[in-house]
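# Fold and contact review
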Amino acid sequence: QLQASGGGLVQAGGSLRLSCAASGNIYRINTCGWYRQAPGAQRELVADISSSGRTNYADSVKGRFTISRDNGKKTVYLGMNSLTVEDTAVYFCNVGGITPYTKPVDAWGQGTLVTVSS
């Protein structure tokens, strides 16, 4: 139901843009978030965005990352600038939404790897 893309290898100081598109049973997206999990670490929230567009960021990415959404495309984005090696992780998108029958759904993307080299 969620297709994440945009990860890859980038040098420190570089930029990437992740995308996460909802399809299938997800009729409308509500609150969306990006999480990441580095090797040996727990999954942590990077940023989220409400249905009204209110955003929230982890302190470690404030001023560098930007979360945005396109409701018509049912897609959430994560723009990442000034990347550091500490940003290396698998990034997961999470979407809360509703089905065509107005049932709530909570979906996770498959994860996309971001590797930042020094």
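Above this note sits the structure.
Residues numbered from 1 in each chain as written. Predicted model: local features only at pLDDT ≥ 70, side-chain atom pairs only at ≥ 80, totals over all residues. Heavy atoms only, no water.

## With respect to the state of the cysteines
Counted by the stated rule, this structure contains one disulfide. C32 carries a free sulfur, and the closest cysteine sulfur to it, the one in C20, is 7.5 Å from it. Given a relative accessible area of 1%, C32 falls into the buried group. (Disulfide = S-S within 2.5 Å. Buried < 20%, exposed > 50% of the residue type's maximum accessible area, 1.4 Å probe, protein only.)

## Re the side chain of T75
With respect to the helices, strands and loops of the structure, T75 is situated in strand β8 (residues 75–80). In this structure the side chain of T75 is engaged in a polar contact, spanning 2.9 Å, whose partner is the backbone oxygen of K73. Non-local contacts of T75, meaning those with residues more than four positions away in its chain, are made with S19, C20, A21, I29, S68, R69 and D70. (Helix = DSSP H or I, 4+ residues; strand = E, 2+ residues; numbered from the N terminus. Polar contact = N/O pair within 3.5 Å; in protein donor to acceptor, adjacent residues only side chain to side chain. Contact = heavy atoms within 4.5 Å.)

## Focus: the packing of aromatic side chains
A complete count under the given rule lists one aromatic pair for this structure. Taking 5.0 Å as the distance between ring centres and 55° as the angle between the ring planes, the aromatic pair formed by Y35 and W108 counts as tilted. With Y35 in strand β4 (residues 28–37) and W108 in strand β10 (residues 104–108), this residue pair connects regions lying 73 residues apart in the sequence. The ring of F92 carries R43 above its face, with NZ or CZ at 3.8 Å from the centroid. Lying over the aromatic face of W108, R43 brings its terminal NZ or CZ to 4.9 Å of the ring centre. (Phe/Tyr/Trp six-rings, centres within 6.5 Å; stacked < 30°, edge-to-face > 60°. Lys NZ or Arg CZ within 6 Å of the ring centre and 35° of its normal.)

## What about unusual backbone geometry?
Residue S82 is not a glycine yet carries a positive backbone phi of 50°. Assignment of secondary structure puts S82 in the loop between β8 and β9 (89–98). The exposure class assigned to S82 is partly exposed, which follows from its relative accessible area of 41%. Unusually for a residue other than glycine, T102 sits at a positive phi of about 60°. Among the secondary structure elements, T102 is positioned in the loop between β9 and β10. Look at T102 and you get exposed, because its relative accessible area is 60%.

## What to know about the pairing of β4
When β4 meets β9, the two strands line up antiparallel, connected through eight bridges. By the bridge assignment for β9, C32 is matched with V95. Two strands pair when backbone bridges link them, and β4 and strand β5 (residues 44–49) are joined in this way by five bridges, in the antiparallel orientation. Residue pairing across strands places C32 opposite I49, the latter belonging to β5. Between β4 and β5, which follow one another and run antiparallel, lie six residues, and G40 among them has a positive phi close to 75°. (Pairing = 2+ DSSP bridges.)

## Describing the pattern of salt bridges
With the rule as written, the count across this model stands at four salt bridges. The structure contains a network of salt bridges with shared partners spanning R36, E44, R64 and D87. (Salt bridge = Lys/Arg side-chain N within 4 Å of Asp/Glu carboxyl O.)

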